[in-house]
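Spelled out from the first residue to the last, the chains are:
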Amino acid sequence: MKILFLPFLQMPTGHHSVANALIRSLENRIPNLNNIKVDFFSYANKRLEKAFRLTYLTWIDHSPHTFVWLYKSFVYPTKSTKHFNWYESKFLDKMNTLLNEEKPDLIICTQAFPSFLIGRLRYSGIPTPPVINVYTDFFINKLWGINEIDYHFVPDKNIKAKLLNNYNLNPECVIATGIPIDDCFQARPFKRPTPPYHILISGGNAGLGDLEVLIKDLSDVPDYYFSILCGHNNKLLKDVLALKLNNVQPLSFISLRESMNALYNDADAIITKPGGVTISEALNKKLPIFVHSTLPGQEVINRDYLASKKLIYKLNQANPLIEQLDNFFNNETELELWKQRVDSYLNQQECPAWQKILAICIKNSTYCHGTNYKYYVPSKKSHLKR
């Protein structure tokens, strides 16, 4: 059986992390599965993808307000679909070509744009294999195909309820799986922190976020030890080394998942950006999460949602970092309440994503080998109907 995974862009985003985690989980259980991952943007137009990828990080760093305007106007929370015409004219034929070339038995979208295009193909009457949306943030933007898609893997039951309330979907096809993470990040029992506290500081693979501002607030105190994940940001690595603090250790890009898992197991808390995958890993590890900064767009929405559920703590840059950490670690009541909230969130998950994928594969085995696609009948209430 052939499964086609569709993330977006070649840069190491959560879309790729989730696709890779699912591929490894499936291959660990059924070695003969043929899993193919295609960055659709690069497939459709390599030059345009490269140009966008090279300007994206500079854009959100130097002009975040314009990025936020674009995101709100074209992706979330807009309800308009007129602006999708340009996307369709440029990329719809490419998606159809890709599906005809690969002939998958199952399609898994970990980013909204491929899902949108497949939804448009199906709405126009072009048959495809079953399709799964795997959402990698704590909300669902308006670019995703919804009614035209067979299955939806959502982070929690609150988002499941919202999806069911907004669209005419079969409840059995919307599953609270959590944002999929790698099998190696096995859940650990809650560890009540004791000094010296080991704090991870992360800005993602690119070392993004206002870490330069944050590290200036670090001091050589006996009760705290900081491991700073600098990713590929060599300037940040040099800046941390220049601090010459005995309790601060900079770490360059960590490629081994097992090494990252060991860091999680040894840590007492994490200071990070609100990316869906990192947050999900930290919640699974029952690590208290402090958010130091957000990238414009989806991370702001993630932060606000998680803060409303009191699953994260927003740091105030106007107050000393150590003081804010002390207020948490010295508050036994808040520690217990945080543990209860995390347990409640994790208990919402109905089944692991890989498990549901295998069940879908078995259910649709009649349509395997890329020959007999199940024809899709579009819903009259499709949100993409014009």
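Refer to the structure above for everything that follows.
These notes cover the structure that comes with them. (Residues numbered from 1 in each chain as written. Predicted model: local features only at pLDDT ≥ 70, side-chain atom pairs only at ≥ 80, totals over all residues. Heavy atoms only, no water.)

1. Remarks on the overall build of the chain
Here is step 1: From N to C terminus, the chain includes 15 helices and twelve strands.
Here is step 2: Every one of the 386 residues in the chain was classed for burial, and the buried ones make up 54%.
Here is step 3: Long-range pairs, those at least 24 residues apart, make up 68% of the contacts in the chain between residues at least 6 apart in sequence.
Here is step 4: Here the chain displays about 17700 Å² of accessible surface, and carbon together with sulfur accounts for 52% of that area. (Helix = DSSP H or I, 4+ residues; strand = E, 2+ residues; numbered from the N terminus. Buried < 20%, exposed > 50% of the residue type's maximum accessible area, 1.4 Å probe, protein only. Contact = heavy atoms within 4.5 Å. Areas by Shrake-Rupley, 256 points an atom, 1.4 Å probe, with all protein chains shown as cover.)

2. What to know about the sheet that holds strand S8 (residues 224-231)
Hydrogen bonds between backbone atoms are what pair the strands of a sheet, whose relative direction is either parallel or antiparallel.
Here is step 1: The strand order S9-S8-S7-S10-S11-S12 describes an open sheet built from six strands, whose pairing is parallel. Unpaired on one side and paired on the other, strand S9 (248-252) and strand S12 (313-314) mark the two borders of the sheet.
Here is step 2: As defined by bridge partners, strand S7 (residues 197-202) adjoins strand S10 (residues 269-272) across three bridges and the pair is classed as parallel. Residue Leu-200 lies in a different strand from S10, and its bridge partner there is Ile-270.
Here is step 3: Contacts from helix H13 (residues 321-329) reach S7, S8, S10, strand S11 (289-291) and S12, with the element oriented near 115 degrees to S8. (Pairing = 2+ DSSP bridges. Axes fitted to C-alpha atoms, helices over the stretch in contact; angles between N-to-C directions.)

3. Brief notes about the sheet that holds strand S2 (residues 34-37)
Here is step 1: Sheet architecture is open: six strands sit in the order S2-S1-S3-S4-S5-S6, paired in parallel fashion. If you trace the sheet from one side to the other, it starts and ends with S2 and strand S6 (174-176), each paired once. Each strand of the sheet is rotated relative to its neighbour by a mean of 20 degrees, with strand direction disregarded.
Here is step 2: Bridge count between strand S1 (residues 2-6) and strand S3 (residues 106-109): four bridges; the pairing is parallel. Bridge pairing in S3 links Leu-4 to Ile-107.
Here is step 3: Along the sheet face, helix H6 (residues 112-123) touches S1, S3 and strand S4 (131-134) and points at about 135 degrees away from the line of S3.
Here is step 4: Lying on the sheet, helix H15 (residues 353-363) is in contact with S1, S3, S4, strand S5 (151-154) and S6; it crosses S5 at an angle near 170 degrees.

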